[in-house]
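Notes for the structure review
So you can see what is in the structure, the chains are spelled out below.
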Amino acid sequence: MVHIENMLNKQTPQNHDSCTTSYNELLKLKQLLNDGVITKEDFETKKNQILGV
């Protein structure tokens, strides 16, 4: 299983505010989905965590 947290944290800038960071994480997550690295279910789960849903 792919560790989504590690993949996102590797490339996430540390000096951005939480809104920008969340946006960047969502973009990276979507790219992982598009590349077939993660499943739609993984994407939705992580997206909801990021958005606080």
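Criteria and cut-off values
- Residues numbered from 1 in each chain as written.
- Predicted model: local features only at pLDDT ≥ 70, side-chain atom pairs only at ≥ 80, totals over all residues.
- Heavy atoms only, no water.
- Phe/Tyr/Trp six-rings, centres within 6.5 Å; stacked < 30°, edge-to-face > 60°.
- Lys NZ or Arg CZ within 6 Å of the ring centre and 35° of its normal.
- Helix = DSSP H or I, 4+ residues; strand = E, 2+ residues; numbered from the N terminus.
- Buried < 20%, exposed > 50% of the residue type's maximum accessible area, 1.4 Å probe, protein only.

**A few points about the packing of aromatic side chains**
Summed over the entire model, instances satisfying the criterion amount to zero aromatic pairs. One Lys or Arg, lysine 30, reaches over the ring of phenylalanine 43 and ends 5.7 Å from the middle of that ring.

**Here's the deal with the environment of glutamate 25**
The residue glutamate 25 is located in helix α2 (residues 18-34) in this model. Using a relative accessible area of 15% as the deciding quantity, one classes glutamate 25 as buried. Along the backbone, glutamate 25 and isoleucine 50 are 25 residues apart, and their C-alpha atoms lie at a distance of 7.9 Å.

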